[in-house]
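Structural description and commentary
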Amino acid sequence: MCELMTIAAAIVFTVIYFRVRRTPAVFTTMLMFWGAALMWSVDCVHSAMEEGLSEMFDLSLKDTLLGCIILAAGLAVFGVLSFFERRRTPVAA
């Protein structure tokens, strides 16, 4: 489940970056989620090769909580990056 959640977050931040807001904070968060999605994709392929296709996606509660933690951490990093980005940008009077 954490793989599906990170893929969805990566797609959302990609759409935001290319259609709405091209900022370094969005770009960095997009790359972080794509990296996590790639990492879990490799893990899922490895699990499928060892245990079969039935075990490819783990839909357990623990895996869902792990996905929620990863999403929360990514959004927290996005918030911090956005805060410092806005703080650094001069305000026009």
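Shown above is the structure to which this text applies.
Conventions used here
Residues numbered from 1 in each chain as written. Predicted model: local features only at pLDDT ≥ 70, side-chain atom pairs only at ≥ 80, totals over all residues. Heavy atoms only, no water. Axes fitted to C-alpha atoms, helices over the stretch in contact; angles between N-to-C directions. Helix = DSSP H or I, 4+ residues; strand = E, 2+ residues; numbered from the N terminus. Parallel < 35°, antiparallel > 145°, perpendicular 65-115°, else oblique. Left-handed = near helix turned anticlockwise from the far one by under 90°. Contact = heavy atoms within 4.5 Å. Nonpolar A, V, L, I, M, F, W, Y, C, P; charged D, E, K, R; others polar. Phe/Tyr/Trp six-rings, centres within 6.5 Å; stacked < 30°, edge-to-face > 60°. Buried < 20%, exposed > 50% of the residue type's maximum accessible area, 1.4 Å probe, protein only.

1. A word on the packing of helix α1 (residues 2-20) against helix α2 (residues 24-51)
α2 packs onto α1 with a crossing angle of 150° between their chain directions and a minimal axis gap of 8 Å. Taken together, the axis directions place α1 and α2 in an arrangement best described as roughly antiparallel. The hand of the α1/α2 crossing is left-handed. Residues C2, E3, T6, I7, A9, A10, I11, F13, T14, I16, Y17 and F18 of α1 pack against V26, F27, T29, M30, F33, W34, A36, A37, W40, S41 and C44 of α2. Here the contact of α1 with α2 is composed, by residue class, of 18 nonpolar, 4 polar and 1 charged.

2. Focus: the packing of aromatic side chains
By the definition in use, this model includes 5 aromatic pairs. With a centroid separation of 5.3 Å and 70° between ring planes, the pair formed by F13 and F78 is classed as edge-to-face. Taken together, the residues F13 in helix α1 and F78 in helix α3 (residues 61-88) connect sequence positions 65 residues apart. This pair shows no difference in class: F13 is buried, exactly as F78 is. Residues F83 and F84 carry aromatic rings whose centres are separated by 5.3 Å and whose planes lie at 70° to one another, so their mutual orientation is edge-to-face. Assessed through its relative accessible area of 43%, F84 is described here as partly exposed. Through a chain of ring-to-ring contacts, the aromatic side chains of F13, F33 and F78 assemble into a single cluster.

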